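# Coordinates in review
One-letter residues, chain by chain:
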Amino acid sequence: MSKYGPGLSFKEVCELELEQIEHALNGELVSGEDETGFTYEKKPEEECKAFILDAYEECAHQGLVAMHGSRAIEKVYVDQCGGKPPRDYLQKYVAAMYATADPDNLDDVIGEDDGEEQ
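Nothing here was measured: the structure is a model prediction, and the numbers come from that model. (Residues numbered from 1 in each chain as written. Predicted model: local features only at pLDDT ≥ 70, side-chain atom pairs only at ≥ 80, totals over all residues. Heavy atoms only, no water.)

### Some details on the layout of surface pockets
Reported here for the second largest pocket is a volume of approximately 400 Å³. Along the wall of the second largest pocket there are 20 residues; nearest its centre are Val13, Glu17, Glu58, Cys59 and Gln62. Elements supplying a minimum of two residues to the lining of the second largest pocket: α1 (10-25) and α2 (45-80). Per-element tally for the lining of the second largest pocket: the top contributor is α2, with seven residues. Class assignment of the residues belonging to the lining of the second largest pocket gives a composition of twelve nonpolar, four polar and four charged. (1 Å grid on protein atoms, 1.4 Å probe; cavity = no way out; pocket = protein on both sides within 12 Å on 5 of 7 lines; lining within 4 Å. Points joined across faces, edges and corners; volume = space filled by probe spheres on them. Helix = DSSP H or I, 4+ residues; strand = E, 2+ residues; numbered from the N terminus. Nonpolar A, V, L, I, M, F, W, Y, C, P; charged D, E, K, R; others polar.)

Take a look at the structure:
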């Protein structure tokens, strides 16, 4: 289970982790939360480094799990097609990527300011 609980997208979790990493680079870790978001307090450098490494490892793990799932689906597809994808497989794959894209996040980059004041 995610440390943030259900209901957040992978992108939203990455944004929360990025915010905390930025603070950890300045020697601060989350001490609580209020109506405006996380609150921070100064912590020893070793604790901050440990948090940063943990955040990276969690993100890498989630990415690897997603990639593994994608490879498994592709394997099933290829196996069902007699060992090789059909001639128009790449075009179908690209069309499926567009069809399953999150329309609210097509231009978003994790950590990029969208211009809105917070």
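### Quick look at the packing of aromatic side chains
Summed over the entire model, instances satisfying the criterion amount to one aromatic pair. Ring centres of Phe38 and Tyr40 lie 6.4 Å apart, and the angle between their planes is 75 degrees; this geometry places the pair in the edge-to-face category. With relative accessibility at 18%, the residue Phe38 sits in the buried group. (Phe/Tyr/Trp six-rings, centres within 6.5 Å; stacked < 30°, edge-to-face > 60°. Buried < 20%, exposed > 50% of the residue type's maximum accessible area, 1.4 Å probe, protein only.)

### Some points on α1
Taking 1.5 Å per residue as the helical rise, α1 with its 16 residues ought to reach 22 Å, and the 22 Å between its terminal C-alpha atoms agrees with that figure. Three or more residues of α1 are buried, namely Val13, Cys14, Glu17, Gln20, Ile21 and Ala24. One side of α1 holds all its buried residues, which, seen down the axis, span an arc of 130 degrees. Within two residues after α1, Gly27 carries a phi angle of roughly 80 degrees, on the positive side. (Expected span 1.5 Å × (residues − 1). Arc of directions from axis to C-beta.)

### Regarding the state of the cysteines
Applying the stated criterion across every chain yields a total of zero disulfides. Of all cysteine sulfurs in the structure, the one in Cys14 sits closest to Cys59, which takes part in no disulfide; the separation is 4.0 Å. Assessed through its relative accessible area of 36%, Cys59 is described here as partly exposed. (Disulfide = S-S within 2.5 Å.)

### Remarks on a nonpolar patch on the surface
A grouping of Leu90, Tyr93, Val94, Met97 and Tyr98 is seen on the molecular surface, where their side chains present a nonpolar patch of about 560 Å² in accessible area. Note that Leu90 resides in helix α3 (residues 89-100). (Patch = residues over 30% accessible without salt bridge, like charges linked within 9 Å, V, L, I, M, F, W, Y side chains within 5 Å. Areas by Shrake-Rupley, 256 points an atom, 1.4 Å probe, with all protein chains shown as cover. Salt bridge = Lys/Arg side-chain N within 4 Å of Asp/Glu carboxyl O.)

### Description of the nonpolar core
Soluble, globular proteins show a tendency: their nonpolar side chains are buried together. Grouped together as the largest cluster of nonpolar side chains are six residues: Ile21, Ala24, Leu29, Cys48, Phe51 and Ala55. Among the secondary structure elements, those contributing two or more residues to this core are α1 and α2. (Core = buried A, V, L, I, M, F, W, Y, C linked by side-chain atoms within 4.5 Å.)

### Section: the packing of α1 against α2
Angle between the axes and distance between the axes: these two values describe a pair of packed helices. Running from amino to carboxyl end, α1 crosses α2 at an angle of 160 degrees, the nearest separation of the two axes being 9 Å. In terms of axis orientation, α1 runs roughly antiparallel to α2. Relative to α2, α1 is oriented so that their crossing is left-handed. Residue-level inspection shows Phe10, Cys14, Glu17, Gln20, Ile21, Ala24 and Leu25 of α1 in contact with α2, the latter providing Cys48, Phe51, Ile52, Ala55, Cys59 and Gln62. The residue inventory of the contact of α1 with α2, partitioned by class, reads ten nonpolar, two polar and one charged. (Axes fitted to C-alpha atoms, helices over the stretch in contact; angles between N-to-C directions. Parallel < 35°, antiparallel > 145°, perpendicular 65-115°, else oblique. Left-handed = near helix turned anticlockwise from the far one by under 90°. Contact = heavy atoms within 4.5 Å.)

### Concerning the pairing of strand β1 (residues 28-34)
Examined bridge by bridge, β1 and strand β2 (residues 37-42) share six bridges and lie antiparallel to one another. Bridge pairing in β2 links Glu28 to Lys42. (Pairing = 2+ DSSP bridges.)

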